[in-house]
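# Architecture and fold: a report
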Amino acid sequence: MTPSSRRAFALMLTALLLLAVNLRLAVTTASVLLPLLLDEGALTPQAAIVVPAVPTAMFAIGGVVTPWLSRRIGAAAAVTWAMGAVAVGMLARFVPHPVAIVGGTMLAMAGIAVVNVMLPALVRATSGSRMRSVTTAYTTVLSASSAIGAAAGVPIAHALGSATLGLGAWAVFAVLAFGVWIAASRGHDVDAALSAPTSSSRPPLPRGTWPLTGFFALQALLAFIVMGWLPTIAVDAGISPARAGVLLGIVIVVSIPAGLIAVSMAHTLRGVRVGVAGVSAGSAAGLLGLWLAPTSAPELWSVLIGTGMAAFPLTLALIARSGSGAAEATRVSGVAQGVGYAISTIGPLAAGAWYGAGGEWGPVLVAMVVGAVLQALIGLALASGPQASERRP
């Protein structure tokens, strides 16, 4: 590798990692600040119900639209416009008004949705033989940034004297990613790497796409209820807002090493089975603890739930390796995320509606335990079906 090609790869890797930084920051920072935004009047109770449901709704739309958008304007331009939308949307959340916060969140999530779909394929197209290490790096950065946002969201808002100032401050990372991506994409022919061979007929989806979509849907449903409502569940149980934010931070911090282990195991069929069983059991145990004894050992419940959150990088690793190339991986990613997020939107929206109607959190947590069991069953079927042989290294 020549010095210029090393520099180009280093710049692209930096851009990919900065893209990953932004994939959950807008979610976790809004989640931990939800009680404070309500107290300050920046959000109404009705708007507060909507905010946690926005990510999965926009991600569902993004899953359907992104492959078309990539074909229409090119992959590099699609990511550029998407990161511009993330930056503008997060900046809009500086304004202490429900319309600005909800609208900014929707715009940011629309951009994140596009990057969500494109990132696994971008990694495959630009990292070559380094795909495994780059996948590990970006999933780790994604989880770490989410944890930092969750743990630091409330302290930063207190330091700035306003929940909305604390919420908008995280836009700096979106602006930085936007600039670095523009520079990096000029040195890589991303569009050529992601283009599918010309064909008069559209080939069928790779085998295993639909079980993978079901697994993705359930892990997203569980994850976004946790990211959207865990701090509120904890506060309602009598835990302070600052500690509740730390609990979400613990969930995401634990998901980092758990995700590393899950991704490393995803390269063998036995590893996938063990990983699926482990993440599902962690989710079920932590959610049961949160339901039965929320204040006795909340940090322990967060650790267990964090283990379950490793289902997300595990799914990304399986998507990145699906199909015969980056173009097919983009198709699988679009279907899995489009359909999967559409289904998972039911989770945070139903949880918010139940909470808004004055319901206790117990039935929601029980339903999530059932979801973790279903996730395990689908994941094990995915690793045991005829499509599994196609993923064997």
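In this report, the structure presented in the accompanying data block is examined. Sequence positions are assigned chain by chain, starting from 1 and proceeding in written order. Only residues with pLDDT of 70 or above have their local features reported here, since the model is predicted, and side-chain atom pairs are shown and tallied only from 80 upward, although totals for entire chains, interfaces and linings are computed over all residues. Excluding hydrogens and water, the side-chain values take into account all heavy atoms of the structure.

### Quick notes on the pattern of salt bridges
- Salt bridge, as used here: a side-chain nitrogen of Lys or Arg that lies within 4 Å of a carboxyl oxygen of Asp or Glu. Overall, the coordinates contain 1 salt bridge when judged by the stated rule.
- A salt bridge links Glu299 to Arg243; the shortest N-O distance between them is 3.0 Å. Of the two residues, Glu299 is situated in helix α13 (residues 298-308) and Arg243 in helix α11 (residues 241-265); the sequence distance between them amounts to 56 residues.
- We call a residue buried when its accessible area falls under 20% of the maximum for its residue type, exposed when it is over 50%, and partly exposed in between, using a 1.4 Å probe and counting protein chains only. A relative accessible area of 30% places Glu299 in the partly exposed class.
- Since its relative accessible area comes to 35%, Arg243 is described here as partly exposed. In this text, helices come from DSSP runs of H or I with a minimum length of four residues, and strands from runs of E with a minimum of two, each type numbered from the N-terminal end.

### Some remarks on the environment of Ala77
- Note that Ala77 resides in helix α4 (residues 75-92).
- Distance in space between the C-alpha atoms of Ala77 and Ile182 is 9.0 Å, their sequence separation being 105 residues.

### Overview of the environment of Leu374
- Topologically, Leu374 is positioned in helix α17 (residues 362-384).
- By relative accessible area, which is 41% here, Leu374 ends up partly exposed.
- With 155 residues separating them in the primary sequence, Leu374 and Gln219 have C-alpha atoms 9.9 Å apart.

### A closer look at the packing of aromatic side chains
- Pairing of aromatic rings covers Phe, Tyr and Trp, the last counted by its six-membered ring, and requires centre-to-centre distances within 6.5 Å; plane angles under 30 degrees mean stacked, over 60 mean edge-to-face, and any other angle means tilted. Under the criterion given, the structure shown has 4 aromatic pairs.
- Look at Phe224 and Tyr341: their rings are 5.9 Å apart centre to centre, the planes differ by 80°, and that puts the pair in the edge-to-face class. Of the two residues, Phe224 sits in helix α10 (residues 209-236) while Tyr341 sits in helix α15 (residues 326-344), which places them 117 residues apart along the sequence. Take Phe224 and Tyr341: they sit in the same class, and that class is buried.
- Taking the centre distance of 5.7 Å and the plane angle of 45° together, the rings of Trp229 and Trp361 count as tilted. Of the two residues, Trp229 is situated in helix α10 and Trp361 in the loop between α16 (346-356) and α17; the sequence distance between them amounts to 132 residues. The burial state of Trp229 is the same as that of Trp361; both residues are buried.
- Put simply, the rings of Phe216, Phe224 and Tyr341 touch in pairs and so form one group of aromatic residues.
- In this scheme, Lys NZ or Arg CZ marks a charge over a ring once it lies within 6 Å of the ring centre and within 35 degrees of the ring normal. Note that Arg24 overlies the ring of Phe312, its terminal NZ or CZ placed 4.5 Å from the centroid.

### Some details on the nonpolar core
- Residues grouped as a nonpolar core are buried Ala, Val, Leu, Ile, Met, Phe, Trp, Tyr and Cys residues, joined through side-chain atoms within 4.5 Å. If you look at the biggest cluster of nonpolar residues, it comprises 116 residues, and the most contacted ones within it are Leu119 and Leu248.
- With 18 residues, the single largest contributor to this core is helix α1 (residues 3-40).
- For this analysis, residues touch if any pair of their heavy atoms sits within 4.5 Å. If we ignore the near neighbours within four places in the chain, the residues touching Leu248 are Thr28, Ser31, Val32, Ala150, Val226, Met227, Leu230 and Pro231.

### Concerning the packing of helix α6 (residues 131-160) against helix α14 (residues 311-320)
- Between α6 and α14, the least distance of the axes is 11 Å, while the angle of their chain directions is 150°. Of the possible angle classes, the one that applies to α6 and α14 is roughly antiparallel. As for how α6 packs across α14, the hand of that crossing is right-handed. Contacts from Met131, Tyr138, Thr139 and Leu142 in α6 reach Phe312, Pro313, Leu316 and Ala320 in α14. Inter-axis angles, ranging from 0 to 180 degrees, are taken between N-to-C directions of lines fitted to C-alpha atoms, where helices are fitted over the stretch in contact. Roughly parallel means an angle under 35 degrees; roughly antiparallel means over 145; roughly perpendicular covers 65 to 115; every other angle is labelled oblique. Here a crossing is called left-handed whenever its near helix is offset anticlockwise from the far helix by less than a right angle, and right-handed whenever the offset is clockwise.

### Some remarks on the packing of helix α12 (residues 269-292) against α13
- Contact geometry of α12 with α13 gives a least axis separation of 7 Å together with a crossing angle of 150°. Judged by the inter-axis angle, α12 sits roughly antiparallel to α13. Judged by the twist between their axes, the crossing of α12 over α13 is left-handed. In this structure, α12 contributes Gly278, Val279, Gly282, Ser283, Ala285, Gly286, Leu287, Gly289 and Leu290 to the contact, and α13 contributes Trp301, Leu304, Ile305, Thr307 and Gly308.
- Residue polarity follows a fixed list, in which Ala, Val, Leu, Ile, Met, Phe, Trp, Tyr, Cys and Pro are nonpolar, Asp, Glu, Lys and Arg are charged, and the others, Gly among them, are polar. Residues of the contact of α12 with α13, tallied by class, amount to 7 nonpolar, 7 polar and no charged.

### Section: α16
- Buried within α16 are the following residues: Gly347, Pro348, Ala351 and Gly352. The buried side chains of α16 occupy one side of the element, clustering within an arc of 120° when seen end-on.
- Just downstream of α16 lies Gly358, where phi reads positive at about 90°. Think of the arc as the fan of directions from the helix axis to the C-beta atoms.

### Some remarks on α11
- Between the first and last C-alpha of α11 there are 36 Å, a value that for 25 residues agrees with the 36 Å anticipated at 1.5 Å per step.
- Given a residue, its bend is the angle between the two axes fitted to the seven residues that end at it and to the seven that start from it. In the structure, α11 departs most strongly from a straight axis at Ile256, where the bend amounts to approximately 30° and where the proline Pro257 lies between one and four residues downstream. For a helix, the expected span equals 1.5 Å multiplied by the number of residues minus one.

### A closer look at the side chain of Thr105
- Among the secondary structure elements, Thr105 is positioned in helix α5 (residues 98-127).
- Apart from the residues lying within four places of it in its own chain, the contact partners of Thr105 are Val54, Gly89, Arg93 and Ala100.

### Side note on the side chain of Ser302
- Note on placement: Ser302 falls in helix α13.
- According to the relative accessible area criterion, Ser302 is buried, its value standing at 2%.
- In this view, Ser302 contacts Leu247, Ile250 and Val251; residues no more than four positions away in its chain are not counted.

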